[in-house]
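Analysis of the macromolecular model
Here's the letter readout for the chains.
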Amino acid sequence: MTTRDRIVQAADQLFYRQGFEHTSFSDIADDVQISRGNFYYHFKTKDEILDAVINVRLVDTGETCAEREHSFHVKRRAGSQSERTGASYQMELRYLSSSMV
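So, a few notes on the structure that sits alongside this text. (Residues numbered from 1 in each chain as written. Predicted model: local features only at pLDDT ≥ 70, side-chain atom pairs only at ≥ 80, totals over all residues. Heavy atoms only, no water.)

Some points on helix α2 (residues 25-32)
- Regarding α2, the residues found buried are Phe25, Ile28, Ala29 and Val32. Buried positions in α2, seen along its axis, are confined to an arc of 95° and lie on one side of it.
- Looking one or two residues past α2, glutamine 33 carries a phi angle of roughly 65°, positive in sign. (Buried < 20%, exposed > 50% of the residue type's maximum accessible area, 1.4 Å probe, protein only. Helix = DSSP H or I, 4+ residues; strand = E, 2+ residues; numbered from the N terminus. Arc of directions from axis to C-beta.)

With respect to unusual backbone geometry
- For glutamine 33, which is not a glycine, the phi torsion comes out positive at approximately 65°.
- Relative to the helices and strands, glutamine 33 resides in the loop between α2 and α3 (36-42).

Concerning the nonpolar core
- With 16 residues, the main nonpolar core has Ile7, Ile28, Phe39 and Ile49 as its most contacted residues.
- Of all elements in the fold, only α1 (3-18), α2 and α4 (46-77) reach the threshold of two or more residues within this core.
- Top element by residues in this core is α1. It accounts for six residues.
- Isoleucine 7 has contacts with Ile28, Val32, Ile34, Phe39, His42 and Phe43, leaving out every residue within four places of it along the chain. (Core = buried A, V, L, I, M, F, W, Y, C linked by side-chain atoms within 4.5 Å. Contact = heavy atoms within 4.5 Å.)

Things to note about the packing of α1 against α2
- Here α1 crosses α2 at 125°, and the two axes come no closer than 9 Å. Classified by the angle between their axes, α1 and α2 sit oblique to one another. Read as a crossing pair, α1 and α2 show a hand that is right-handed. Contacts between α1 and α2 involve Arg6, Ile7, Ala10, Ala11, Leu14, Phe15 and Gln18 from the first element and Asp27, Ile28, Asp31 and Val32 from the second. (Axes fitted to C-alpha atoms, helices over the stretch in contact; angles between N-to-C directions. Parallel < 35°, antiparallel > 145°, perpendicular 65-115°, else oblique. Left-handed = near helix turned anticlockwise from the far one by under 90°.)

As for the packing of aromatic side chains
- Applying the stated criterion across every chain yields a total of four aromatic pairs.
- Aromatic pair phenylalanine 15 and phenylalanine 20: ring centres 5.1 Å apart, planes at 65°, arrangement edge-to-face.
- With a relative accessible area of 11%, phenylalanine 15 lands in the buried category.
- Its relative accessible area of 22% is what places phenylalanine 20 among the partly exposed residues.
- With 4.9 Å between their ring centres and 85° between their planes, phenylalanine 25 and tyrosine 40 make a pair best called edge-to-face. Of the two residues, phenylalanine 25 is situated in helix α2 and tyrosine 40 in helix α3; the sequence distance between them amounts to 15 residues.
- Among the residues examined, phenylalanine 25 registers a relative accessible area of 13% and is labelled buried.
- Members of the aromatic cluster, each reached through a chain of ring pairs, are Phe25, Phe39 and Tyr40. (Phe/Tyr/Trp six-rings, centres within 6.5 Å; stacked < 30°, edge-to-face > 60°.)

These results come straight from atomic positions and should not be treated as a statement about function.
Written out as structure tokens, the structure reads:
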């Protein structure tokens, strides 16, 4: 995972827990354990970080939707009830784990 990715992941979690307005550059830099200079190399403003967090969530949501659609088609082709149930269960676990912060 790149430093930029770590910053975005930490910002996402901190924005969720503390709120965007109550999260500072220092909070995020401390969480990622990088210097403020390194932090500013990747992001100049909190709005840039928020944009990156939103973009990652949009990509994740798109992937989740694609996985759910693929799983639906796999379940329809699966032969036995236990195969369909297993496919459904795995799909839901992936969805739940990807949506948890």
